[in-house]
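Results of the structural survey
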Amino acid sequence: METRSIAQVVPALETPEGDGMLVHRAFPARGFTEFDPFLLLDEMGPMDVLPGSSKGFPDHPHRGFETVTYMLAGRFEHRDSRGHAGQIKPGDVQWMTAGSGLLHSEMPEREFLREGGRLHGFQLWVNLPKRDKMMEPRYQEVPSAKIPEGTSADGKVTVRVIAGESLGARAVIDTRIPIQFLHFKLAVGAAVEQAIPADENAFAYVVNGTGEIGGRAVKQSEVAIFKRDGEGVAFKAAGDSGLEVLLIAGKPLDEPVVRWGPFVMNTKEEIRQAVEDFQSGRMGAIER
């Protein structure tokens, strides 16, 4: 398998978001702004939250894309204007398809809010194809124990398969377009290759540790963007802490994209309609 080389390595942008949430924004950030079919990747934290300190994302609208929340530490409560409510705990994945639109809230779970603790997770925004922009909203919520996991033959590499497949494990989540969302952990000195179709865009985000991606040295909170010059990607751990990395890849939609805040449509007219629907209350309200 011919592995891809790296187009560039860029640092994530550290920024406060929502209700005081510390975010490392992989993109859009300096040097990495457009990456069809993906719209945004935020690393929430890692941060230590004091008891009673509210850090999260209060009521906000969505239309035209999907939001993938993957928690590593801490607990969120989520609610929406269609009556959906629940919790996202460490290791859980919530794949929310906003479609035609809703209001959504993600805030610390009550006990976690009262006690405080470590908060760490990721949010990925995935664009929807034009045919699905106004589909009925839906959730795919997978608890940690049901996320498929794979292991290399030597036992030095593990992967959690959120979307796609790797090391003999296949995701249980259904995506609207071909997507891979893989969480690799490599022991010291370990290496792994992952197949990626030549027609897919791909990037990797370093969660922890140091190593090599596509032959380039990388460290924590850096993003490696792959060229489309092969059908696989390669990772290698270095140093004494191993390497933990997210690999995200997807087939481009090659459709017009018009964005305004949390609305992602194909035309300006559709954006204006989304704003009007939100401001007039047609997206509903979150009941508590």
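Keep in mind that this is a model prediction, so the values were computed, not measured.

Observations concerning the nonpolar core
Within the largest apolar cluster, 31 residues are counted, with the highest numbers of intra-cluster contacts made by Phe38, Leu41, Trp95, Phe181, Phe203 and Tyr205. Leaving out residues up to four positions away in the same chain, phenylalanine 203 has contacts with Phe27, Phe32, Phe35, Phe38, Leu41, Val223, Ala224, Ile225, Phe226, Leu246, Leu247 and Ile248. Counting 26 residues, the second-largest nonpolar core is a separate cluster that includes Ala169, Phe184, Ile213 and Phe235.

Some remarks on the sheet that holds strand S7 (residues 76–80)
To summarise the sheet geometry, strands pair through backbone hydrogen bonds and adopt either a parallel or an antiparallel arrangement. The sheet built from four strands is open, its strands ordered S5-S10-S7-S8 with antiparallel pairing. For this open sheet the edge positions go to strand S5 (57–62) and strand S8 (85–88), each flanked by a neighbour on one side alone. This sheet shows a mean twist of 20° between the axes of neighbouring strands, independent of strand direction. Pairing between S7 and strand S10 (residues 102–108): five bridges, direction antiparallel. Looking at the pairing, aspartate 80 lines up with histidine 104 of S10.

A look at the packing of aromatic side chains
With the rule as written, the count across this model stands at twelve aromatic pairs. Seen from their ring centres, tyrosine 70 and phenylalanine 181 are 6.2 Å apart, and the 85° between their planes marks the pair as edge-to-face. One end of the pair, tyrosine 70, is in strand S6 (residues 65–73); the other, phenylalanine 181, is in strand S17 (residues 179–186), and 111 residues separate them in sequence. Phenylalanine 181 shares its class with tyrosine 70; the two are buried. Taken together, Phe27, Phe32, Phe35, Phe38 and Phe203 form an aromatic cluster joined through their ring pairs.

Calculation notes
- Residues numbered from 1 in each chain as written.
- Predicted model: local features only at pLDDT ≥ 70, side-chain atom pairs only at ≥ 80, totals over all residues.
- Heavy atoms only, no water.
- Core = buried A, V, L, I, M, F, W, Y, C linked by side-chain atoms within 4.5 Å.
- Buried < 20%, exposed > 50% of the residue type's maximum accessible area, 1.4 Å probe, protein only.
- Contact = heavy atoms within 4.5 Å.
- Pairing = 2+ DSSP bridges.
- Helix = DSSP H or I, 4+ residues; strand = E, 2+ residues; numbered from the N terminus.
- Axes fitted to C-alpha atoms, helices over the stretch in contact; angles between N-to-C directions.
- Phe/Tyr/Trp six-rings, centres within 6.5 Å; stacked < 30°, edge-to-face > 60°.

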